[in-house]
Amino acid sequence: LSLSDNDFGNKGVKAFASTFEENDDMALRELNLSKNGLTLATKVESKVLSDMLMHIDLSHNLIGVQGLKNVVAYLAGNPPLACMNLAGNILRNNVAALLMGALKRNTNLAHLNLGHNSFTKASVPCIVDALKNNSTLLTLDLTDNKIKPKSGGRKE
């Protein structure tokens, strides 16, 4: 189900989330909620993180610290989710440790897109640590963050 680029915000996702609650037997496997102005800051909004999903696209929303805490709680529960897109949510170093902590415990997620956020080289140690302790994750996209290698310092 693709609901991308509808800009229905938190109010719209609350209505959609209530559908999940009312239909326990819903077999939705893929959900695209990109570009909708979502924060996922409340438990009601985070109901869209169904235990049946295999793929969810939450890219280019407004998921901040509280929303990411709900995403982390969801991932830590080890749902069957194989692919998650969190690109373009202006995520910063302050949430990297939370997210990577959930990855250490998750044994299903194979693809995670964190591209186009605001992670810097300060988040690299916790990312590396999470990858050492996760044998399931196959791809981690960190495209267009603020992770820069040290300058070569070459003398000429």
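Please refer to the structure placed before this passage.
Let me begin by describing the structure that accompanies this report.

Rules behind the numbers
Residues numbered from 1 in each chain as written. Predicted model: local features only at pLDDT ≥ 70, side-chain atom pairs only at ≥ 80, totals over all residues. Heavy atoms only, no water. Helix = DSSP H or I, 4+ residues; strand = E, 2+ residues; numbered from the N terminus. Rg over C-alpha atoms; globule rule 2.2 N^0.38 Å. Buried < 20%, exposed > 50% of the residue type's maximum accessible area, 1.4 Å probe, protein only. Core = buried A, V, L, I, M, F, W, Y, C linked by side-chain atoms within 4.5 Å. Contact = heavy atoms within 4.5 Å. Pairing = 2+ DSSP bridges. Axes fitted to C-alpha atoms, helices over the stretch in contact; angles between N-to-C directions. Polar contact = N/O pair within 3.5 Å; in protein donor to acceptor, adjacent residues only side chain to side chain.

The next point concerns the overall build of the chain. Each helix and strand counted, the chain has 4 helices and 5 strands in total. The helix and strand sequence of the chain, counted from the amino end, reads α-β-β-α-β-α-β-α-β. At 16 Å, the chain has a C-alpha radius of gyration in line with the 15 Å of a compact globule built from 156 residues. Reported as C-alpha extents along the three principal axes, the dimensions of the chain are approximately 65 × 30 × 20 Å. Relative to its full complement of 156 residues, the chain shows a buried share of 42%.

Right, let's get into the nonpolar core. Most often, soluble globular proteins keep nonpolar side chains buried together rather than apart. With 37 residues, the main nonpolar core has Leu68, Leu75, Met84 and Leu86 as its most contacted residues. Elements that contribute at least two residues to this core include exactly helix 1 (9-22), helix 2 (65-76), helix 3 (93-105) and helix 4 (124-132). Broken down by element, this core gets its largest block of residues, 6 residues, from helix 3. Once you skip the residues sitting within four places of it in the chain, leucine 75 turns out to touch Leu81, Met84, Leu99, Ala102, Asn106 and Leu109.

Next up on the list: the sheet that holds strand 2 (residues 55-57). Strand order in the open sheet formed by 5 strands is 1-2-3-4-5, with parallel pairing between adjacent strands. Strands at the two margins of the open sheet, each flanked by one partner only, are strand 1 (30-32) and strand 5 (139-141). Across the sheet, the mean angle from the axis of one strand to that of its neighbour is 0 degrees, orientation sign disregarded. One ladder, built from 3 bridges, connects strand 3 (residues 83-85) with strand 4 (residues 111-113); its direction is parallel. Paired with asparagine 85 across the bridge in strand 4 is asparagine 113.

This part takes up the side chain of asparagine 145. Residue placement: asparagine 145 occurs in the segment after strand 5. At a separation of 3.0 Å, a polar atom in the side chain of asparagine 145 contacts the main-chain amide nitrogen of phenylalanine 119. Polar side-chain contacts of asparagine 145 include one of 3.0 Å to the backbone oxygen of leucine 142. In this structure, asparagine 145 is in contact with Leu114, Gly115, His116, Asn117, Ser118 and Phe119, ignoring residues within four places of it in sequence.

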